[in-house]
Amino acid sequence: MRTPIIAGNWKMNNTIKEALGLIEEIKASKLNKDVEAVVCVPFICLSEAKKALENTEIKLGAQNMHWEESGAFTGEISPKMLKELGVDYVIIGHSERRQYFNETDETVNKKIKSSLNHGLKPIVCVGETLDEREANIEKDVVKKQIEKAFEGIEEKDLDNIVIAYEPIWAIGTGKTASSDDANNMLAFIRETIGNKYEEKKNDIRIQYGGSVKPSNIKELMDKEEIDGALVGGASLVAKDFVDLINF
Ligand code: 13P
């Protein structure tokens, strides 16, 4: 049985004060204990968020990291720093990082390896653009992203990796992939993983992301392959995020 995982990606939203307010609201609500809930907050909020989440089941995530442990990389944050703060998860290769900050399949691969080496659990993002989907090459694109991301990753590490399929055209646009399309792509991702790691094929958790909200979560989660959601906009509203966790 794969434990469902609902992760909020706050992106570049919320000051520390706002973050604490949102966390307090989430904490005050009754949450389904059978669902793993994660909040991926801006770097500057991690320390305070960690304290606020003490004695709760909610996990803490970062949204990016550098692959090196330390060094002359102005403005970057290392896995060692995240670990010291008590971070559980780190989003790697989000499409916004690929699109605006030159993240490549190679850097994604380095970051996944480094996060695992530091005891952090990567949420590895893949997904195609609208042009790629319209050209019917979405599966080729995602297959290549998965194969590159997992280069040199050992089978035992798969227990600590989550994959998030986020079609870029569905992010922040209000357009959700249909639950059938999402399920279909997740099945394909699982097959691709299975080609390399047969034993782990049915264990690895795969999320869908892209305009997930309380009105569509149930239909998505009812699908066999969908193990959770990576949520942007709706994770910024306490009631919506709580409704997602309690789908
Ligand atoms: P939205 O839920 O706002 O579409 O964002 C999805 C996303 O990018 C989560 O990482």
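Residues numbered from 1 in each chain as written. Predicted model: local features only at pLDDT ≥ 70, side-chain atom pairs only at ≥ 80, totals over all residues. Heavy atoms only, no water.

Here's the deal with the packing of helix H1 (residues 16-27) against helix H10 (residues 238-245)
The angle between the axes and the distance between the axes are what describe a pair of packed helices. Where H1 meets H10, the closest approach of the two axes is 9 Å, and the angle between their N-to-C directions is 45°. Relative to H10, the element H1 is oriented oblique. As H1 runs across H10, the sense of the crossing is right-handed. Mapping the contact onto sequence places Leu 22, Glu 25 and Ile 26 in H1 and Ala 238, Phe 241 and Val 242 in H10. Of the residues that constitute the contact of H1 with H10, the class distribution is five nonpolar, no polar and one charged. (Axes fitted to C-alpha atoms, helices over the stretch in contact; angles between N-to-C directions. Helix = DSSP H or I, 4+ residues; strand = E, 2+ residues; numbered from the N terminus. Parallel < 35°, antiparallel > 145°, perpendicular 65-115°, else oblique. Left-handed = near helix turned anticlockwise from the far one by under 90°. Contact = heavy atoms within 4.5 Å. Nonpolar A, V, L, I, M, F, W, Y, C, P; charged D, E, K, R; others polar.)

Description of the pattern of salt bridges
Scanning the model with the defined rule gives 22 salt bridges in all. With a closest N to O distance of 2.8 Å, Glu 96 and Lys 11 form a salt bridge. With Glu 96 in helix H4 (residues 95-100) and Lys 11 in the loop between strand E1 (5-9) and H1, this pair connects stretches of sequence that are 85 residues apart. In this structure Glu 96 comes out as partly exposed when scored by relative accessible area, which is 22%. You can call Lys 11 partly exposed: its relative accessible area is 22%. (Salt bridge = Lys/Arg side-chain N within 4 Å of Asp/Glu carboxyl O. Buried < 20%, exposed > 50% of the residue type's maximum accessible area, 1.4 Å probe, protein only.)

Some remarks on the nonpolar core
Of all hydrophobic cores here, the largest spans 64 residues; its most connected members are Phe 150 and Ile 189. Contacts of Ile 189, omitting those with residues within four sequence positions, involve Val 126, Val 142, Ile 146, Ile 163, Tyr 165 and Ile 206. One finds Ala 7, Cys 40, Ile 123 and Val 162 within the second-largest nonpolar core, a separate group that totals 11 residues. (Core = buried A, V, L, I, M, F, W, Y, C linked by side-chain atoms within 4.5 Å.)

What to know about the packing of aromatic side chains
This model, assessed by the stated rule, comprises three aromatic pairs. Centroid distance Tyr 100 to Phe 101: 6.4 Å. Interplanar angle 85°. Geometry classified as edge-to-face. Lying across the ring of Phe 101, Arg 97 places its NZ or CZ 4.2 Å from the centre. (Phe/Tyr/Trp six-rings, centres within 6.5 Å; stacked < 30°, edge-to-face > 60°. Lys NZ or Arg CZ within 6 Å of the ring centre and 35° of its normal.)

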